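Chain by chain, the residues:
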Amino acid sequence: MPFGVPYLSIVPGPGECANLLVTWALSASHVAFSSARMEPVFMMIGEAAGCAAAQAIESRVSIPEVDYETLRKALLRGGSLLTWPPSA
């Protein structure tokens, strides 16, 4: 069964760091990380991180300030599956 990986799991908390996206050591329990460690999942997380970085640069904001709704729409336009079953 597919599952989502929250954007906040690859972004440091408020006030911790302004320009960091963590795609490998994402914030997850050991059980969740066991599922997320598959290469296709890491490729999708990397794509989302790259899109978020580009959005941060274009919008001149820090990584934690990236607007998730804008990021979500950009990922969907690119063909990313963010929900299961795919709906919006």
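Scroll up to find the structure.
Quick caveat, the model's predicted, so the values are computed rather than measured.

Engineer: Help me get a handle on the layout of surface pockets, residues and values and all.
Structural biologist: Considered as a void within the structure, the largest pocket measures approximately 580 Å³ in volume. Lining the largest pocket are 21 residues; nearest its centre among them are Phe 3, Gly 4, Val 5, Leu 81 and Leu 82. Residue assignment for the lining of the largest pocket shows that the elements contributing at least two residues are helix 2 (39-59) and helix 3 (68-77). Class assignment of the residues belonging to the lining of the largest pocket gives a composition of 17 nonpolar, three polar and one charged.

Engineer: Account for the packing of aromatic side chains, naming residues and giving values.
Structural biologist: Between two aromatic rings, the relevant description is the distance of the centres plus the angle of the planes. Throughout the structure, instances matching the rule amount to two aromatic pairs. Pairing Tyr 7 with Tyr 68 gives two aromatic rings, centres 6.4 Å apart and planes at 40 degrees, and the pair type is tilted. A residue pair is termed long-range when its members are at least 10 positions apart, and Tyr 7 in the segment before helix 1 (30-36) and Tyr 68 in helix 3 qualify at 61 residues. Geometrically, the ring pair formed by Trp 24 and Phe 42 is tilted, given 4.6 Å between the ring centres and 35 degrees between the ring planes. Of this pair, Trp 24 sits in the segment before helix 1 while Phe 42 sits in helix 2, and the two are 18 residues apart along the sequence. Since its relative accessible area comes to 54%, Trp 24 is described here as exposed. Given the relative accessible area of 15%, Phe 42 is considered buried.

Engineer: So what's going on with unusual backbone geometry? Residues and values would help.
Structural biologist: We note that Arg 60 has phi near 55 degrees; this positive angle belongs to a residue other than glycine. Mapped onto the elements, Arg 60 comes out in the loop between helix 2 and helix 3.

Engineer: Give me the nonpolar core: which residues, what numbers.
Structural biologist: Judged by nonpolar contacts, the single largest core of 16 residues is most densely connected at Tyr 7, Ile 10, Ile 45 and Leu 71. The leading source of residues in this core is helix 2, at seven residues. Among residues more than four places away in sequence, those in contact with Tyr 7 are Leu 21, Ala 52, Ile 63, Val 66, Tyr 68 and Leu 71.

Engineer: Go over helix 2 with me, naming the residues and quoting the values.
Structural biologist: The first and last C-alpha atoms of helix 2 sit 30 Å apart over 21 residues, in line with the 30 Å expected at 1.5 Å per residue. Those residues of helix 2 that fall on the buried side of the exposure criterion are Val 41, Phe 42, Ile 45, Ala 48, Ala 49, Ala 52, Gln 55 and Ala 56. Projected down its long axis, helix 2 carries its buried residues within an arc of 145 degrees, all on one side. For helix 2, the exposed residues set more than 90 degrees away from the buried face come down to Glu 39, Met 43, Ile 57 and Glu 58. Looking at the buried positions of helix 2, the neighbouring elements they touch are helix 1 and helix 3.

About the thresholds
Residues numbered from 1 in each chain as written. Predicted model: local features only at pLDDT ≥ 70, side-chain atom pairs only at ≥ 80, totals over all residues. Heavy atoms only, no water. 1 Å grid on protein atoms, 1.4 Å probe; cavity = no way out; pocket = protein on both sides within 12 Å on 5 of 7 lines; lining within 4 Å. Points joined across faces, edges and corners; volume = space filled by probe spheres on them. Helix = DSSP H or I, 4+ residues; strand = E, 2+ residues; numbered from the N terminus. Nonpolar A, V, L, I, M, F, W, Y, C, P; charged D, E, K, R; others polar. Phe/Tyr/Trp six-rings, centres within 6.5 Å; stacked < 30°, edge-to-face > 60°. Buried < 20%, exposed > 50% of the residue type's maximum accessible area, 1.4 Å probe, protein only. Core = buried A, V, L, I, M, F, W, Y, C linked by side-chain atoms within 4.5 Å. Contact = heavy atoms within 4.5 Å. Expected span 1.5 Å × (residues − 1). Arc of directions from axis to C-beta.

Honestly, that's just the spatial picture; any functional story needs more than this.
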